[in-house]
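An overview of the molecular structure
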Amino acid sequence: MIRVTVWNEFQHEKNDEKIRAVYPDGIHGAIAEFLGKEEDFVVRTATLDDENCGITKELLDETDVLFWWGHVAHWRVPDEVAAMVRDAVLSGMGMIFLHSAHHSKPFKLLMGTTCNLSWREDGDYERLFVIDPGHPIVQGIENGYFRLEHEETYAEPFCIPEPDKLVLIGSYEGGEVFRSGCCYRRENGKIFYFQPGHEAFPTYYDKNVQTILKNAVRWAAPEAPRKVLDCPHVGRLPY
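Everything numeric in this text was worked out from a predicted model, so none of it was measured. (Residues numbered from 1 in each chain as written. Predicted model: local features only at pLDDT ≥ 70, side-chain atom pairs only at ≥ 80, totals over all residues. Heavy atoms only, no water.)

1. Focus on the overall build of the protein
- Across its full length, the protein holds 7 helices and 11 strands.
- The C-alpha radius of gyration of the protein comes to 18 Å, within 12% of the 18 Å expected for a compact globule of 239 residues.
- Principal-axis analysis of the C-alpha atoms gives the protein an extent of 65 × 40 × 35 Å.
- Across the 239 residues of the protein, 54% fall into the buried class.
- Accessible area for the protein stands at about 11200 Å²; split by element, carbon and sulfur atoms hold 52% of it. (Helix = DSSP H or I, 4+ residues; strand = E, 2+ residues; numbered from the N terminus. Rg over C-alpha atoms; globule rule 2.2 N^0.38 Å. Buried < 20%, exposed > 50% of the residue type's maximum accessible area, 1.4 Å probe, protein only. Areas by Shrake-Rupley, 256 points an atom, 1.4 Å probe, with all protein chains shown as cover.)

Laid out in structure tokens, this is it:
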């Protein structure tokens, strides 16, 4: 069984009626609902307003793959919590960052860059193109692309390190393009950044999006028991 935790800032849904109408149980609830239908997943949720921001060492130790959605309250996540998440990834926990989590503290710690990008919010359509059809994350996406009728526009330049593997590119109604599906490895952990998921649009109900995120869980899950890499002193080899 893969133990999945879906962490959501959960602020828009509490404070905006229009957003609550799209995600009445929160974005975390919508994601947990479709993930929870998979026989090999055990899913729980956590939010910013939970005790200790919903993140403890015990929770991270019991999580194989952590989702992270944040937007307006990145600053409310304490630095020490962000560092715990980073360290869990380095030890082997899988991590999936969604949409505006590109500016979250854990993502910036793991990337080591500003993670800035260009954006506009006009509700334009987005097409997502598969550029690595053999990658496990995009299995089940037919015809090599799919379309979201409305999504916030993100555009290059996206100030991140070159991905280890780029699996999806987004193209928008206004002509912008964006690296929408980026894979990384950081020490023992795997990371997937997935761009679609603006709070005002029903992106997480889309079957293609759900397929990608379910695939991403299986791809990011630890391949071996988690272990922190250290710097041991070693003796001279006996030959």
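2. Section: the packing of aromatic side chains
- Within the structure shown, the criterion is met by 10 aromatic pairs.
- For the pair Tyr23 and Tyr205, a centre-to-centre distance of 5.3 Å together with 25 degrees between the ring planes defines the contact as stacked. Taken together, the positions of Tyr23 in the loop between α2 (17-22) and α3 (26-35) and Tyr205 in the loop between β11 (189-194) and α7 (207-220) put the pair 182 residues apart, joining distant regions of the chain.
- On the basis of relative accessible area, Tyr23 is assigned to the buried category, the value being 0%.
- For Tyr205, a relative accessible area of 39% corresponds to the partly exposed category.
- When the ring of Phe158 is compared with that of Tyr193, the centres are 5.5 Å apart and the planes differ by 55 degrees; the resulting orientation is tilted. With Phe158 in the loop between β8 (153-155) and β9 (165-172) and Tyr193 in strand β11, this pair connects stretches of sequence that are 35 residues apart. Of the two residues, Phe158 and Tyr193, both sit in the buried class.
- Joined through ring pairs, the aromatic side chains of Phe97, Phe107, Tyr154, Phe158, Phe178 and Tyr193 make up one cluster.
- The ring of Tyr125 has Arg147 sitting right over it, with the charged end atom 4.0 Å from the ring centre. (Phe/Tyr/Trp six-rings, centres within 6.5 Å; stacked < 30°, edge-to-face > 60°. Lys NZ or Arg CZ within 6 Å of the ring centre and 35° of its normal.)

Function-wise, these values are silent; they only describe arrangement.
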